[in-house]
Amino acid sequence: MPNLIVLRPGDANEVVEAWKINRNKLQHQPVALVLTRQNLPTLDRTKYGAASGTAKGAYVLADAPAASLK
C-alpha cells in the first residue's frame, strides 16, 4: 500500500516508542503497528541499547562479542 508506514516493535519498550512515533510524527499518514501474540520477554535496557533508537528506524541493540570478530 503506497505511503503506509509499518512499525514492527520487538518488545514492550519498542511498542511504547512506536506509539510515541505514531502520535508525535506520523499524525497525518497511515500507520500499521504490527504486534505479536507470542509471549516475548521485555529486554533489560540497562544491558541492551535504549529503545529510543526505534525512531531512527534501526539501532544497535548490543555489540557483538569480541571473540566473534576474529
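In case you missed it, the structure is sitting above this.
Rules used throughout
- Residues numbered from 1 in each chain as written.
- Predicted model: local features only at pLDDT ≥ 70, side-chain atom pairs only at ≥ 80, totals over all residues.
- Heavy atoms only, no water.
- Helix = DSSP H or I, 4+ residues; strand = E, 2+ residues; numbered from the N terminus.
- Rg over C-alpha atoms; globule rule 2.2 N^0.38 Å.
- Buried < 20%, exposed > 50% of the residue type's maximum accessible area, 1.4 Å probe, protein only.
- Contact = heavy atoms within 4.5 Å.
- Areas by Shrake-Rupley, 256 points an atom, 1.4 Å probe, with all protein chains shown as cover.
- Lys, Arg positive; Asp, Glu negative; His and termini not counted.
- Charge placed at Lys NZ, Arg CZ, Asp CG, Glu CD.
- Polar contact = N/O pair within 3.5 Å; in protein donor to acceptor, adjacent residues only side chain to side chain.

Asker: Honestly, the overall build of the protein in this entry has me stumped. Any pointers?
Answerer: Each helix and strand in the protein was counted, giving 1 helix and 2 strands. For the protein, the sequential pattern of α-helices and β-strands runs β-α-β. Over its C-alpha trace the protein gives a radius of gyration of 14 Å, far above what one expects of a compact globule, namely 11 Å for 70 residues. For the protein, the C-alpha atoms occupy an extent of roughly 45 × 25 × 20 Å along the three principal directions. A total of 70 residues make up the protein; the buried ones form 19% of that total. Residue pairs in contact within the protein that sit at least 24 positions apart in sequence constitute 65% of those at least 6 positions apart. When the accessible surface of the protein is summed, it comes to about 5,600 Å², and 56% of that surface belongs to carbon and sulfur atoms. Measuring between centres, the 9 positive side-chain charges of the protein sit 4 Å from its 5 negative side-chain charges.

Asker: Looking at this model, I keep getting lost on the side chain of R45. Mind explaining?
Answerer: As for its position among the elements, R45 is in the segment after β2 (31-33). Polar contacts involving the side chain of R45 include one to the main-chain carbonyl oxygen of G49, which spans 2.6 Å. A distance of 3.0 Å separates the side chain of R45 from the side chain of Y59, its partner in a polar contact. Setting aside residues up to four positions removed in sequence, R45 forms contacts with D11, N13, E14, A50, A51, Y59 and L61.

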